[in-house]
Amino acid sequence: MKIKYNLIDTDKNCKARYGTIETNYGTYETPMFMPVGTRATVKSLSKEEIKDCGSGIILANTYHLWLRPGEDTIDRCGGLHDFMSWDGPILTDSGGFQVFSLAKNKEKDITEEGVKFKSHIDGKNLLLTPEKSIEIQNKLDSDIAMSFDECPPASASYEYLKNSIERTLRWAKRGKDVHNNPRQALFGIVQGGAHEDLRKYSAIETVKMDFDGYSIGGVANDGESKEDMYKAVDYSIPYLPEDKVRYLMGVGDPIDIIEGVIRGVDIFDCVLPTRIARHGQAFTRSGKINLNNAKYKEDLSHLEEGCDCYTCKNYSKAYIRHLITTGETLGGRLLSIHNIRFLIKLTEELREAIKNDSILEYKEDFINKYQKNK
């Protein structure tokens, strides 16, 4: 079956909503944070560790799996679930963000047909089209596939964005026309920068195509302000159906997740928790901390008292700092476990706050504590 979203409750003071997503692998509550497993693995973590963090849906990257090992190889191995031994739902992105970053000459390489670019592995000339992106995702057999959209830079002009939306809508239809995996949901993507009229138009026209869920894209580009990110969500949400999942792509900052939930978003993803972990950083209720700092050299306290993750139950800041500063991979693994659990725990608490109509109070309390060390 395809996924099904059920709206259960809303916070009476804002647009925040609590619901569930039914999948072939069980039913999962929203709001939800989804860890990113770019190459069919959440970096350095086993499936058991990912499960222990409370993960539901995880992500995989179409572009990277297309290049290695290839969608046909994964298909012959039984699809992504069998290939990576993951018995939970999987969302695959379209590969669009990656290929747009690799396209050197935007005017020449981005055409109606698709995007031309060079492989980051061997420099081979490649072309990714809406049809090819969907074909790859069909073979990967993820539970949720994403439409292939244009990913304009944050600095794009109004006219560029307007033309880009029209192309994205045409690409969305082309992709939907060739989508042929009956077990796989397909999401449409809303674009339009921080322009209210463009977001409204993109949302309305995308919803007309009747996708299984909807994503708000273009909010995690380099150079985009927080204010523009929140505007993009505010301008998109009113035109998305209440009975479909709403997905804010590429967002993993704790405060941004809270702001997104308050505005009516259901699911989030980001590489941030594992990326900052590899650089020795950890989320805490008092803000991010950097274990490279000398002040933690003999600090025997846990990353966060009361945290229920494996790392906080077993290891001190001093030990993790030692691992990080000596280049031991266990350090990054332990911080990744904590950071992923931190964001998932955050969404668990947001669910309870929605049920109690107290999410605005939760936000104020969280931000006051999170920013106190700044």
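Please refer to the structure higher up on the page.
Quick caveat, the model's predicted, so the values are computed rather than measured.

Q: Help me understand the overall build of the protein chain in this model?
A: A count of helices and strands for the protein chain gives 16 helices and 15 strands. Against the 2.2 N^0.38 benchmark of 21 Å for 374 residues, the protein chain shows a C-alpha radius of gyration of 20 Å, consistent with a compact globule. Taken along its principal axes, the extent of the C-alpha atoms in the protein chain is 60 × 50 × 40 Å. Looking at the 374 residues of the protein chain, the share that counts as buried comes to 56%. Here the protein chain has roughly 16,000 Å² of accessible surface; of this, 47% comes from carbon and sulfur atoms. Of the side-chain charges in the protein chain, 52 are positive and 57 negative, and the distance between the mean point of each set is 3 Å.

Q: Where do I start with a positive patch on the surface in this structure?
A: Together, Arg39, Lys43, Arg68, Arg275 and Arg278 line one region of the surface with positive charge. Mapped onto the secondary structure, Arg68 falls in the loop between α2 (62-67) and α3 (71-76).

Q: Explain the sheet that holds strand β2 (residues 17-23) to me, please; I cannot follow it from the model alone.
A: Pairing within the open sheet is antiparallel, and its 3 strands lie in the order β1-β2-β3. With one partner strand each, in any of the chains shown, β1 (4-10) and β3 (26-30) form the two edges of the open sheet. In this sheet, neighbouring strand axes are inclined to one another by 20° on average, regardless of whether the strands run parallel or antiparallel. Examined bridge by bridge, β2 and β3 share 5 bridges and lie antiparallel to one another. Among the inter-strand pairings, Thr23 is bridged to a residue of β3, identified as Gly26. Docked against the sheet, helix α15 (residues 329-355) engages β1, β2 and β3, running at close to 125° with respect to β2.

Q: Please clarify how the pairing of strand β10 (residues 185-190) should be interpreted in this entry.
A: In summary, the side chains of a regular strand alternate between the two faces of the sheet. Most of β10 sits inside the fold, with 6 of its 6 residues counted as buried. Because side chains alternate across β10, one face comprises the buried residues Ala185, Phe187 and Ile189, and the other comprises Leu186, Gly188 and Val190, equally buried. In this structure, strand β9 (residues 144-146) lies alongside β10, joined through 3 bridges in parallel fashion. Of the residues in β10, the one forming a bridge with Ile144 is Ala185. Bridging between β10 and strand β11 (residues 213-216) involves 4 bridges; their strand directions are parallel. Paired with Phe187 across the two strands is Gly213, which belongs to β11.

Q: Could you clarify how one ought to interpret the packing of aromatic side chains in this entry?
A: The final tally for this structure, using the stated rule, is 11 aromatic pairs. Of the aromatic side chains, those joined through ring pairs into one cluster are Tyr63, Trp66 and Phe117. One cation-aromatic arrangement involves Lys51 over Trp86; the distance from NZ or CZ to the ring centre is 4.6 Å. In this structure, Lys355 packs its charged tip against the face of Tyr18, placed 4.5 Å from the ring centre.

Q: Please clarify how helix α10 (residues 226-236) should be interpreted in this entry.
A: Given 3.6 residues to a turn, an α-helix orients residues that are three or four positions apart in the same direction. Of the positions making up α10, those classed as buried are Met229, Tyr230, Ala232, Val233 and Ser236. Seen along its axis, α10 keeps its buried residues to an arc of 155°; they face one direction. Packed against the buried residues of α10 are β10, α9 (196-207), β11, β12 (245-248) and α11 (254-262).

Q: Help me out: how do you make sense of the environment of Cys270 in this one?
A: As for its placement among the helices and strands, Cys270 is situated in strand β13 (residues 267-270). Setting aside chain neighbours within four positions, we find Cys270 in contact with Phe33, Met34, Val36, Gly250, Val251 and Gly252.

Q: In this structure, what is going on with the sheet that holds β10? I would like to understand it.
A: Strands pair in a sheet through their backbones, by hydrogen bonds, and they do so in one of two ways: parallel or antiparallel. An order of β4-β13-β12-β11-β10-β9-β6-β5 is seen for the 8 strands of this open sheet, with the pairing classed as parallel. The open sheet terminates on both sides in strands that have one partner only, identified here as β4 (32-35) and β5 (58-60). Taken pair by pair, the neighbouring strands of this sheet meet at an average axis angle of 30°, ignoring direction. As judged from the 3 bridges shared by β5 and strand β6 (residues 90-92), these two strands associate in the parallel manner. Opposite Leu59, over in β6, you have Leu91 as the bridge partner. Here helix α7 (residues 130-140) sits on the sheet and contacts β6, β9 and β10; the angle it forms with β9, its principal contact strand, is near 165°.

Q: Any chance you could explain the side chain of Glu259 here in plain terms?
A: Checked against the element boundaries, Glu259 lands in helix α11. Side chain to side chain, Glu259 and Arg263 meet in a polar contact 2.6 Å long. Residues contacting Glu259, with those up to four places away along its chain left out, are Tyr230 and Lys363.

About the criteria used
Residues numbered from 1 in each chain as written. Predicted model: local features only at pLDDT ≥ 70, side-chain atom pairs only at ≥ 80, totals over all residues. Heavy atoms only, no water. Helix = DSSP H or I, 4+ residues; strand = E, 2+ residues; numbered from the N terminus. Rg over C-alpha atoms; globule rule 2.2 N^0.38 Å. Buried < 20%, exposed > 50% of the residue type's maximum accessible area, 1.4 Å probe, protein only. Areas by Shrake-Rupley, 256 points an atom, 1.4 Å probe, with all protein chains shown as cover. Lys, Arg positive; Asp, Glu negative; His and termini not counted. Charge placed at Lys NZ, Arg CZ, Asp CG, Glu CD. Patch = residues over 30% accessible without salt bridge, like charges linked within 9 Å, V, L, I, M, F, W, Y side chains within 5 Å. Salt bridge = Lys/Arg side-chain N within 4 Å of Asp/Glu carboxyl O. Pairing = 2+ DSSP bridges. Axes fitted to C-alpha atoms, helices over the stretch in contact; angles between N-to-C directions. Contact = heavy atoms within 4.5 Å. Phe/Tyr/Trp six-rings, centres within 6.5 Å; stacked < 30°, edge-to-face > 60°. Lys NZ or Arg CZ within 6 Å of the ring centre and 35° of its normal. Arc of directions from axis to C-beta. Polar contact = N/O pair within 3.5 Å; in protein donor to acceptor, adjacent residues only side chain to side chain.

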